[in-house]
Number of protein chains: 2
Amino acid sequence: MDFYLKLLKCLGDQTRIRILRLLMESKLELCVCEIVDSLQIPFYSISKHIKELKNTGILSESRNGTFIMYSIAKDENEFITKIIELIKTIPDENFSSDITLLKKRLAIRENGKCTIGLIKK
Amino acid sequence: MDFYLKLLKCLGDQTRIRILRLLMESKLELCVCEIVDSLQIPFYSISKHIKELKNTGILSESRNGTFIMYSIAKDENEFITKIIELIKTIPDENFSSDITLLKKRLAIRENGKCTIGLIKK
DNA sequence: AGTATATTTGTCCATAAGTGCAAATATACT
DNA sequence: AGTATATTTGCACTTATGGACAAATATACT
C-alpha cells in the first residue's frame, strides 16, 4: 500500500498539482527555473515539491549542465497513468496563468535548451 | 481549484481509501458500524473520516432508523468517476482483510438490513 | 583554484491533520 | 419521559507538512 499511498498523498498539494500539470501541458522536459518562473513560487519550495514527486516515481530527471530537467516519467505503470488522466480533468482555467508564463519563459530558450536561470524581477 | 484539491487531499489517507474501496467492493450502502467492524478502526475515527469524504461530495447518505447508511455517490462527475477508477487499480491484496470481515459482518444482516451495532470484542 | 549559477538540503517555525476520549445528538422503543 | 443504541462532535494532544531563509552541493567556465 505504501507506493499507492505515498503517491496519493503527493497529490494533495496545489503546488505539486500545478507542477505536474505544467509538465503535462508542456510535453517537454523543464528545468527548475522554468517551473519557478511559470508558477511564481520560490525556487526552494519548487525544489522540495519536485523532490517529493520524484520519490514517488512519477517524474523523470536528466541533467543538462547545471540545469536539471524534469518530465513526467514515460514508463508509467497503470496507477500513474490513471493519475495523469485524473489531473487532466481539472479545468484549464485553473492553470492558464501558469501556462501563459511558461510560454513566455520557453521563448527564451536557445536551440530548444534552457540557458538562463531565474528572470523574475 | 478548491473542489479538486479538497478531493485530492482526501485521498491522501489510508483509512479513507479503505473506506472508499470497501464501499466500492460491497456495492451496497453500509452503515458506520459495518465499516468499523470491517476496518477494525475506532468508530469515532471512521465517523470523522466519513465526514470529510462526505464534504467532498463523493459519498451519499441515507438514514435507516438510528443507522446512517453511506455509499459512493452515483451522480458522479467526471473527476469523481476517475478517482473511483484510480482506486480500483490498487491491488486487492491491500484490502483482503477488510473484505473478509465485511462479508462476515454482512452475514448478520436481517432482510438485507443492518440491525445490530458493533460486534467487536 | 576561484567564481558564478542552478539546485538541493537543513533548520526553524507556524499551521494543518489524525488520534483518543468524553460528551452531545439523533432516533427508536417502552 | 426515560432508556438504549448509533453516530457525531468538541477538545486536548501529538505528529506530519509546508514556507522562509541560509547554507551546502554540483557543474561549468576562466
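Cut-offs used in this document
Residue indices begin from 1 for each chain and proceed along its sequence in written order. Each chain is given a letter, starting from A, and each ligand a number, starting from 1, according to the order in which they appear as written. Where local features are concerned, this predicted model is filtered to residues with pLDDT of at least 70; where side-chain atom pairs are given and counted, the filter is 80 or more; whole-chain, interface and lining totals use all residues. The rule is simple: place the C-beta atom from the backbone, and if it lies within 6 Å of a molecule or strand, the residue is near it. Numbered from the N terminus, helices here are DSSP runs of H or I no shorter than four residues, and strands are runs of E no shorter than two. Note on residue categories: nonpolar means Ala, Val, Leu, Ile, Met, Phe, Trp, Tyr, Cys or Pro, charged means Asp, Glu, Lys or Arg, and polar means any other residue, Gly included. By convention the nonpolar core is taken to be a set of buried residues drawn from Ala, Val, Leu, Ile, Met, Phe, Trp, Tyr and Cys and joined through C-beta atoms within 7 Å. Each residue is classed by its C-beta neighbour count within 10 Å, where at least 20 other C-beta atoms makes it buried, 12 or fewer makes it exposed, and intermediate counts make it partly exposed; the C-beta atoms are placed from backbone geometry. A residue pair is marked as a contact if its C-beta atoms, positioned from the backbone, fall within 7 Å. C-alpha atoms of residues with pLDDT of at least 70 in both copies form the basis for the least-squares superposition of the copies. Here, any two strands with at least 2 DSSP bridges between them count as paired.

Draft legend 1. Region of the structure containing the protein's contact with DNA strand D. Contacts to DNA strand D come from 23 residues, most closely from B:Cys31, B:Cys33, B:Tyr44, B:Ser47 and B:Gly117. For the surface near DNA strand D, the secondary structure elements donating two or more residues are α4 (43–56) of chain A together with α3 (32–39), α4 (43–56) and β3 (67–72) of chain B. Per element, the largest residue contribution to the surface near DNA strand D is 6 residues, and it comes from α4(B). In the surface near DNA strand D, the residues fall into 12 nonpolar, 7 polar and 4 charged.

Draft legend 2. Structural detail: the nonpolar core. In terms of nonpolar packing, the biggest core is built from 50 residues, with A:Leu11, A:Ile19, A:Ile35, B:Leu11, B:Ile19 and B:Ile35 touching the most fellow members. Apart from residues lying up to four places away in sequence, B:Leu11 is in contact with A:Leu8, A:Leu11, A:Gly12, B:Arg16, B:Ile17 and B:Ile83.

Draft legend 3. Examining the relation of the copies chain A and chain B more closely. Between chain A and chain B, the superposition needs a rotation of 180° and an axial shift of 0.0 Å, giving an RMSD of 0.0 Å. Put plainly, the chains are arranged around a two-fold axis. Mapped onto chain B, 100% of the interface residues of chain A are again interface residues, and the two copies thus contact each other with one and the same surface.

Draft legend 4. Geometry of the protein's contact with DNA strand C. By nearness alone, 24 residues border DNA strand C, and A:Cys31, A:Cys33, A:Tyr44, A:Ser47 and A:Gly117 come closest of all. Of all the secondary-structure elements, those providing two or more residues to the surface near DNA strand C are α3 (32–39), α4 and β3 (67–72) of chain A together with α4 of chain B. Residues belonging to the surface near DNA strand C are distributed by class as follows: 12 nonpolar, 7 polar and 5 charged.

Draft legend 5. A look at the sheet that holds strand β1 (residues 30–31) of chain A. Residue and element names in this part refer to chain A. Taken in spatial order, the 3 strands of this open sheet run β1-β3-β2, and their pairing is antiparallel. The open sheet has two free edges, formed respectively by β1 and β2 (59–64), since each of these has just one partner strand. Pairing geometry for β1 and β3, over 2 bridges, is antiparallel. Bridging from a neighbouring strand, Leu 30 pairs with Tyr 70 of β3.

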